[in-house]
Amino acid sequence: MELQHFSHQHPLLFIVERGNENEKVYCSGCGEMVSAPTFNCVACGFHLHKQCAEAPSELIHPFHRNHSFSLLQSKPNNYKGECVCDFCAKKCENFVYHCSCNLYLHIKCALFSYNIAQKGIAEFRHIARIDPLISTENRPEKLKNAQCFACWKPLLDSVYFSPDCGFYLHVKCAELPSEIKQLFRHPHPLILQFSNQHLSCHICQKPQHRGFVYSCSSLCEFVLHTECATKIDHSFHRKHPLILQLKDEGPPCRICHETKPNQIFYSCSICKFALHIECASQPPIIEDESHPHPFTLFWRHISFICDACGTSGNHVSYICSICCLTVHKKCISLPGTLRHPMHYKHPISHTYFLGQYEMESWECRICHVEDVNSKHGGYCCSVCNYVAHVNCAIEDYNWYETDEFGRVDGSLEDDSALIPYFIVKENKEGENVEATEIKHFSHEHNLVLSKDIDMSDEKYCDGCVLSIFTCYYGCSECGFFLHKSCAELPRKIHIWSDRHPKLHPLTVDSIFQCRYCKYESNGFAYTCNICDYHYCLRCALVSDNPIHEGHEHHLPCHPYKAMCNACGGSLRWPFRCKACNFALHRSCLTLPLTARHKSDEHPYKLTYHDNKNYPESNYCDICEEERNPNLWFYHCAICDNSAHPICALGKYSFFKLGSIYTKGDHPHPLIFVHMVHHHPECHRCGHRCLDLALECRTTGCSYIVHWECIKQI
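The model shown is predicted, which means the values in this text are computed figures rather than measured ones.

1. Focus on the pairing of strand β5 (residues 58-61)
- Burial of β5 is one-sided: the residues Leu59 and His61 facing one way are buried, the residues Glu58 and Ile60 facing the other way are not.
- Of the pairings in the sheet, the one linking β5 to strand β6 (residues 64-72) comprises three bridges and is antiparallel in character. Bridge assignment links His61 to a residue of β6, and that residue is His64.

Right, here's the structure in full:
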């Protein structure tokens, strides 16, 4: 018997049995190794399986009724790029069925799916079925990532046919009815179709790239995913089948216990039982990269404490029988490690067994409200004795801005890029090395270390703009000074309370308003370049769990309604000692320990308790108003003067006087001054300059102006 096939110029001879079984020859139609019976052209070495040779040149496919397929020897000539089969997602290198809607199918895929449509499950009567919950031994590695060719869900989510059939296919997908009527009161039947378009399901509103869908036979663009459309038998309700329904109101889902408006759910009207679609389709096995064993779905409605996060659950769970773990489904996908902005020194790691670590305290370092249960899981850094609830760590982590991959930026720079100076001279005493002269990036001249402190000498640090009462580096030529601690600050730091956790650079030579304390300053600041926030050094260096000399314990920051023990004001996010119920505003926490005011020749000291019992002392010596003796105040013990913090600091305590200002429209440099004795008139507003002002020291120029009149913050 001969056949003249369109794909070859010579007649093809039909061969029932091959003569040389050891010779490897391949079918020109499907590309697979030839097995008899075949049609051959011996002279040309051209071979076709009998099924490929007899395939119709035009195919009206039950799964694609709107158009017919044309059989081509290869992809169309005008097709640019690589041609891929929409059924199996593999490259089309041989015969291909092509539809005008740009649907391509291998010849084998087209015929296989055609037979499924015609014969249904009978096509697989001789093929073994495999249950992934039962058969777990000797499973090929490639099956773990395999997807069903019909629904494109993971193959191991459900019972599937042995891959010996040549395709990955769920049994439930082969059993899908070809037509569904009267679903959701839709006026037309829904037909099982194969589509490669991004069609959004009418139920779940999610698109599907390719695979089987139920679509309206009358082309009214009503589409359902197969898993959203059918009646199911569910192990969570074994008495009766569950039918998909759409109702304005219905019973709560038996798994998540939530009721949604206009909800679509699987329901048993006899038992008044309901399951949301997403709750009914839980994967049977989930693997966790951070755990050595897979977690298996446990379809029992029981209460449990999740061993991953330590919180309760009262619905279906996943278990690891080897480790005796019971967890929420959502907790299986917890990140193994987090580069958390609240703890940037080291990553914090998730563990199911917190009890293996010896922590100094089990208090959650993020919420500071409840202790972390060491019998269950959490995030921790064993190096730093840092521990946190899972939900606190994740919720707090999600508050920060992330990159395009959904990650908080955990980048660290080389230490050399963060060093603010290089050493010019140093002094060695044994193993101790001290820099005595440095070149700091913020100043053009070298700075020399000085330990000679004169309390009457009003020197101010150009970094924090506080009085200098400790050793410092200075430039005597320019009057530029830095506390030793300020000079050693890195050029970039992480600020845990900023939503953008990238490294914040140290900026100089700018005038800014601090985001937190709201004081204006011309000192150093750490800056967020994304949102243009500035943080003065006092606020930028506050940790999430600081110590203050006004209280004996740590003061972690956490949400809590309280009254500030320093100023008496109300607050919602205090720095608070839970044991003592002692709380502070951030702005009170960062009050300078000493302050100078023109009303007293001595520095004031921040004082936390007034031990005087007579009411005449409970007045501010600056504003002469009454003050609360239970609140913090500044006090000069030598003169016995006391002052409210706001009076002692004033509005512009964090401007270094004598600094040069070159912006604005005045042709000469201006100097920051605080007029104490002589009060000239402002050239802008005409009022006396009683507060911070800018004065021109150029010979012959008497220009002076209030800072308030020209500031550009």
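2. A closer look at the state of the cysteines
- Applying the stated criterion across every chain yields a total of zero disulfides.
- Cys101 forms no disulfide, and the closest cysteine sulfur to it belongs to Cys99, at a distance of 3.3 Å.
- Sulfur of Cys531: no disulfide; nearest cysteine sulfur belongs to Cys528 and is 3.2 Å away.
- Look at Cys531 and you get partly exposed, because its relative accessible area is 25%.

3. As for a negative patch on the surface
- Taken together, the side chains of Asp621, Glu624, Glu625 and Glu626 define an acidic patch exposed on the protein surface.
- By the secondary structure assignment, Asp621 is in the loop between β47 (600-607) and β48 (633-636).

4. Details of the sheet that holds strand β40 (residues 525-528)
- Spatial strand order, β36-β37-β40-β41: four strands in an open sheet with antiparallel pairing. Because the sheet does not close on itself, it has two edges, and the strands there are β36 (492-493) and β41 (533-536).
- Sheet topology note: the β40/β41 ladder contains four bridges and is antiparallel. Note that in β41 the partner of Thr527 across the bridge is His534.

5. Comments concerning the packing of aromatic side chains
- Counted by the stated rule, this structure contains 16 aromatic pairs.
- Taking the centre distance of 5.1 Å and the plane angle of 40 degrees together, the rings of Phe655 and Phe672 count as tilted. Taken together, the residues span a long stretch of sequence, with Phe655 in the loop between α11 (645-649) and β50 (660-661) and Phe672 in strand β51 (residues 670-674) at a distance of 17 residues.
- Residue classification places Phe655 among the buried residues on the basis of a relative accessible area of 4%.
- Centroid distance Phe672 to Trp707: 5.4 Å. Interplanar angle 65 degrees. Geometry classified as edge-to-face. One end of the pair, Phe672, is in strand β51; the other, Trp707, is in helix α12 (residues 707-710), with 35 residues separating them in the sequence. Neither residue differs from the other here; Phe672 and Trp707 are each classed as buried.
- Put simply, the rings of Tyr652, Phe655, Tyr661, Phe672 and Trp707 pair up and form one aromatic cluster.
- Just above the ring of Tyr533 sits the side chain of Arg515; from NZ or CZ to the centre is 4.2 Å.

6. A short note on the side chain of His440
- Take His440: it is sitting in strand β32 (residues 432-440).
- Only 2.7 Å separates the side chain of His440 from the side chain of Ser442, close enough to count as a polar contact.
- In contact with His440, not counting residues within four places along its chain, are Pro420, Tyr421, Leu447, Leu482, Ala487 and Phe524.

7. Describing the nonpolar core
- Among the nonpolar cores identified, the biggest contains 151 residues, and Phe87, Tyr97 and Leu169 are the most heavily contacted of them.
- The element contributing the most residues to this core is helix α2 (residues 107-119), with six residues.
- With residues up to four places along the chain from it excluded, the contact list for Leu169 reads Phe112, Ile116, Phe124, Cys148, Ala150, Leu155, Tyr160, Phe161 and Ala174.
- Counting residues in hydrophobic clusters, the runner-up holds 25 residues, among them Ile438, Leu447, Leu449 and Cys461.

What counts and how
Residues numbered from 1 in each chain as written. Predicted model: local features only at pLDDT ≥ 70, side-chain atom pairs only at ≥ 80, totals over all residues. Heavy atoms only, no water. Buried < 20%, exposed > 50% of the residue type's maximum accessible area, 1.4 Å probe, protein only. Helix = DSSP H or I, 4+ residues; strand = E, 2+ residues; numbered from the N terminus. Pairing = 2+ DSSP bridges. Disulfide = S-S within 2.5 Å. Patch = residues over 30% accessible without salt bridge, like charges linked within 9 Å, V, L, I, M, F, W, Y side chains within 5 Å. Areas by Shrake-Rupley, 256 points an atom, 1.4 Å probe, with all protein chains shown as cover. Salt bridge = Lys/Arg side-chain N within 4 Å of Asp/Glu carboxyl O. Lys, Arg positive; Asp, Glu negative; His and termini not counted. Charge placed at Lys NZ, Arg CZ, Asp CG, Glu CD. Phe/Tyr/Trp six-rings, centres within 6.5 Å; stacked < 30°, edge-to-face > 60°. Lys NZ or Arg CZ within 6 Å of the ring centre and 35° of its normal. Polar contact = N/O pair within 3.5 Å; in protein donor to acceptor, adjacent residues only side chain to side chain. Contact = heavy atoms within 4.5 Å. Core = buried A, V, L, I, M, F, W, Y, C linked by side-chain atoms within 4.5 Å.

What is shown is where atoms sit, not what they do.
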